[in-house]
Amino acid sequence: MALPPLLKSLRIPAVASPMFIISHPPLVLAQCKAGIVGSFPALNARPEPQLDDWLAGITETLSVHDAQNPHKKAAPFAVNQIVHRSNARLDRDLALCVKHKVPIVISSLGAVEEVNQAVHSYGGIVLHDVIHDRHARKAIEKGADGLIAVAAGAGGHAGTLSPFALIQEIRQWFDGPLLLSGAIANGGAILAAQAMGADLAYIGSPFIATTEARAAPEYKQMIVDSKAADIVYSNLFTGVYGNYLKGSIVAQGLDPDNLPASEPSKMDFANSDAKAWKHIWGCGQGIGAVDSVAPAAELIDRLAREYEAARAALLAA
């Protein structure tokens, strides 16, 4: 199956993942203008009415950019919706996505047919996060247009499966849009994702260390200073297993090598004050490729150069 038109004209085959607290309009706009899909979680807009303003502003700014740059139009943007019973905002936030005709909705933590139908009502598409093949099958059965395979090493709520295993299983039955998430931080990794069967790479953690990201300076510097060995996998902080920076755990007086387990019932993504993410910093294993804090456009320029160099080297081999 061919990619939807709005995903075929990207500068490089990449989508910036929506990061809780971190992603906001300045980062999304920088990503889209530089040629990749920019995204943010709806829950980042707080108080709740701010989402309407964010969507109106992003839509208008990208429209003006495209009018002024007809030969270098911006990539589309995406909004992440947490489809979990703890998200009391879901219906209202989804209605705003419909109102503003958000091109791409990324659904997480639950596949709900009504969400897909709402997005399809105006011509949008839905990409759904999955960590297992069975989750992928349920998502497509309920009407998702594409899948995001969240493999081992991804930032935030990551799975434990090898990207090879997860992509291979999904591709045995699904020929639609498939993205891969998990430690992708340079252009060679983007090409590798395509080589193993994904259409697009899904990239998050490197964008934390950008000037536009809504992250504390100490967080950005820790991304630069850390390597894969500095990532801890735990469910203590949200009830769902995820990857976090060891340094931020130590800073809160906890032993990263002896963290207790938490109960899944602890999950509460919409109604908490998000302290876990403010003080315990999410991050994927790919950050060894990040050596400085830079504007998002510069990061995307680097990814594009590396991607083309990797393609050329492979063809010359």
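Residues numbered from 1 in each chain as written. Predicted model: local features only at pLDDT ≥ 70, side-chain atom pairs only at ≥ 80, totals over all residues. Heavy atoms only, no water.

Chemist: Would you mind showing me how to read the overall build of the protein here?
Modeler: Along the backbone of the protein there are 12 helices and 10 strands. Seen through its principal axes, the protein has C-alpha atoms that stretch 50 × 50 × 40 Å. Across the 317 residues of the protein, 54% fall into the buried class. Positive and negative charge centroids in the protein, built from 26 and 30 side chains respectively, lie 2 Å apart. (Helix = DSSP H or I, 4+ residues; strand = E, 2+ residues; numbered from the N terminus. Buried < 20%, exposed > 50% of the residue type's maximum accessible area, 1.4 Å probe, protein only. Lys, Arg positive; Asp, Glu negative; His and termini not counted. Charge placed at Lys NZ, Arg CZ, Asp CG, Glu CD.)

Chemist: Would you mind going over unusual backbone geometry with me for this structure?
Modeler: The bulk of non-glycine residues show a negative phi, and the bulk of peptide bonds are trans. Cis geometry marks the peptide bond from R46 to P47; its omega dihedral reads 5°. Examined against the element boundaries, P47 turns out to sit in the loop between β2 (38-41) and α3 (50-68). A positive phi angle, close to 65°, is found at A183, a residue other than glycine. Its location among the elements puts A183 in the loop between β7 (178-181) and α8 (187-195). According to the relative accessible area criterion, A183 is partly exposed, its value standing at 37%.

Chemist: Would you mind going over the nonpolar core with me for this structure?
Modeler: Most often, soluble globular proteins have nonpolar side chains that are buried together. Judged by nonpolar contacts, the single largest core of 49 residues is most densely connected at I170, I190, F207 and I223. Counting residues per element, this core draws most heavily on helix α12 (residues 296-316), at six residues. L29, L51, C97 and V115 belong to the second-largest nonpolar core, a separate cluster that totals 26 residues. (Core = buried A, V, L, I, M, F, W, Y, C linked by side-chain atoms within 4.5 Å.)

Chemist: When you look at α12 in this model, what are you seeing that I'm missing?
Modeler: In an α-helix, one full turn covers 3.6 residues, which means residues spaced three or four apart are oriented alike. Taking 1.5 Å of rise per residue, the 21 residues of α12 would be expected to cover 30 Å, and the 30 Å separating its terminal C-alpha atoms lies within 8% of that figure. Along α12, the residues classified as buried are A296, L299, I300, R302, L303, A304 and Y307. In this fold, the buried residues of α12 make contact with α2 (25-33), α8 and β8 (200-203). (Expected span 1.5 Å × (residues − 1). Contact = heavy atoms within 4.5 Å.)

Chemist: Before we go on, may I ask you to explain the environment of G247 in this structure?
Modeler: Note that G247 resides in helix α10 (residues 246-251). For G247, a relative accessible area of 31% corresponds to the partly exposed category. In this structure the C-alpha to C-alpha distance between G247 and D230, which are 17 residues apart in sequence, comes to 7.4 Å.

Chemist: How should I be thinking about the pattern of salt bridges in this particular structure?
Modeler: When their charged atoms lie close together, side chains carrying opposite charge are able to pair. Applying the stated criterion across every chain yields a total of seven salt bridges. Put simply, D52 and K99 hold a salt bridge, and the shortest N to O gap is 3.1 Å. Linking D52 in helix α3 with K99 in helix α4 (residues 90-99), this pair joins segments that are 47 residues apart in sequence. Of the charged contacts in the structure, one is a salt bridge between D93 and R89, with a shortest N-O distance of 3.0 Å. The same class applies to D93 as to R89, namely buried. (Salt bridge = Lys/Arg side-chain N within 4 Å of Asp/Glu carboxyl O.)

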